[in-house]
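Below are the chains, spelled out letter by letter.
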Amino acid sequence: MSVDNSSRSMLARGLGVLRAFRSGEPELPLSEIARRADMPKATAHRIITELVKEGMLERGEKGLRLGMGLFMLGARVPRQLMLRDIAFPHAEQLHRLTHGSAFVFIADPTGADAVLVDAVRRAHEPGRGLGTEETRASDRAATRVFRAFGAEDDTAAGRGARVREVESARVRHQGFAAVRGVPGVVGVAAPVLTASGAVAGALAVAGPQTGFHVGLAAAHLKAACAAVSRALQRNPELLTAS
């Protein structure tokens, strides 16, 4: 069945609304969703109303949040299930070795963002919000890894693109990315690669900068990612969608 341009446009707008949500942001107000999706508030409101009806979004106390319907669809993605099953034991080991929170990521279809698959979180003091900051720092580190290893083809010109290319070259050379966030949190991520060298996912760890040894965490991460990569490469049929 063919789809006309107006239908394609509405589909793209609906996906733009869903992609406005980022890791560590449970709820967003309508105005922010419209801004990130680059559409008028009235248009965003109409699309959100339909997505709420379908269970893709839910209304919360401070705005909108991703709905259970979207989670149920995402949980059926073969690549996510496969990578999670293989990588999660390594994430648990990273948590024990580094005493930080450990995360498993895959890249979204555009390669622009990291998508959190699972996590093993360290205990936090109530009310300090460090868990959210650790997720954000790990998300940023994983996104840099995906961009460096080719999940995003950045061909834009200008100083910003040159800076990103220098950063990506450094990440490729050292085999990991480190991001220092606030308040006093550091996230480190390394890539999980296919036999062809394409990035299939990433493992990350995060914790407070005080007492968190980035070099040691990176060494543990690279060893864990190498083990996951070997497991994926022994089963190449599992990566046909990547």
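Note that the structure is predicted; figures quoted are calculated from it, not measured.

Some points on the overall build of the protein
- Within the protein, the secondary structure is distributed over eight helices and seven strands.
- Evaluated residue by residue, the protein yields a buried proportion of 42% over its 242 residues.
- Within the protein, counting contacts between residues at least 6 apart in sequence, those at least 24 apart form 57% of the total.
- Accessible area for the protein stands at about 13300 Å²; split by element, carbon and sulfur atoms hold 54% of it.

Digging into the pairing of strand β5 (residues 177–181)
- Residues Ala 177, Val 179 and Gly 181 line the buried face of β5, whereas the alternating positions Ala 178 and Arg 180 sit on a face that is not buried.
- Here β5 hands over to strand β6 (residues 185–193) after three residues, with Gly 184 in that stretch at a positive phi of 65 degrees.

Remarks on the nonpolar core
- Leu 83, Val 188, Leu 203, Val 205, Val 228 and Leu 232 are the most contacted members of the largest nonpolar core, which has 30 residues in total.
- Contributing elements (two or more residues each) for this core: α5 (78–98), β3 (101–107), β4 (114–120), β6, β7 (199–208) and α8 (214–233).
- With nine residues, the top contributor of residues to this core is α8.
- One finds Ala 107, Ala 141, Phe 149 and Val 179 within the second-largest nonpolar core, a separate group that totals 18 residues.

Some thoughts on the environment of Ala 12
- Along the chain, Ala 12 turns up in helix α1 (residues 5–18).
- Remark: the alpha-carbon pair of Ala 12 and Ala 37, spanning 25 residues in sequence, is separated by 9.8 Å.

Thoughts on the pattern of salt bridges
- For the structure shown, the criterion picks out 11 salt bridges.
- Of the charged contacts, one joins Glu 32 and Arg 35 as a salt bridge, the two residues approaching to 2.6 Å between their closest N and O atoms. Note that Glu 32 and Arg 35 are positioned in helix α2 (residues 30–37) at a spacing of three residues, about one turn of the helix.
- On the basis of relative accessibility, which here comes to 56%, the residue Arg 35 falls in the exposed class.
- Residue Arg 172 pairs with Glu 165 through a salt bridge whose shortest N-O separation is 3.0 Å.
- Members of the salt-bridge network, linked through shared partners, are Glu 27, Glu 58 and Arg 65.

Regarding the side chain of Glu 134
- If you trace the backbone, Glu 134 turns up in helix α6 (residues 130–148).
- Overall, Glu 134 belongs to the buried group, its relative accessible area being 1%.
- Within the structure, the side chain of Glu 134 is placed 2.6 Å from the side chain of Arg 122, a separation counted as a polar contact.

Rules behind the numbers
- Residues numbered from 1 in each chain as written.
- Predicted model: local features only at pLDDT ≥ 70, side-chain atom pairs only at ≥ 80, totals over all residues.
- Heavy atoms only, no water.
- Helix = DSSP H or I, 4+ residues; strand = E, 2+ residues; numbered from the N terminus.
- Buried < 20%, exposed > 50% of the residue type's maximum accessible area, 1.4 Å probe, protein only.
- Contact = heavy atoms within 4.5 Å.
- Areas by Shrake-Rupley, 256 points an atom, 1.4 Å probe, with all protein chains shown as cover.
- Pairing = 2+ DSSP bridges.
- Core = buried A, V, L, I, M, F, W, Y, C linked by side-chain atoms within 4.5 Å.
- Salt bridge = Lys/Arg side-chain N within 4 Å of Asp/Glu carboxyl O.
- Polar contact = N/O pair within 3.5 Å; in protein donor to acceptor, adjacent residues only side chain to side chain.

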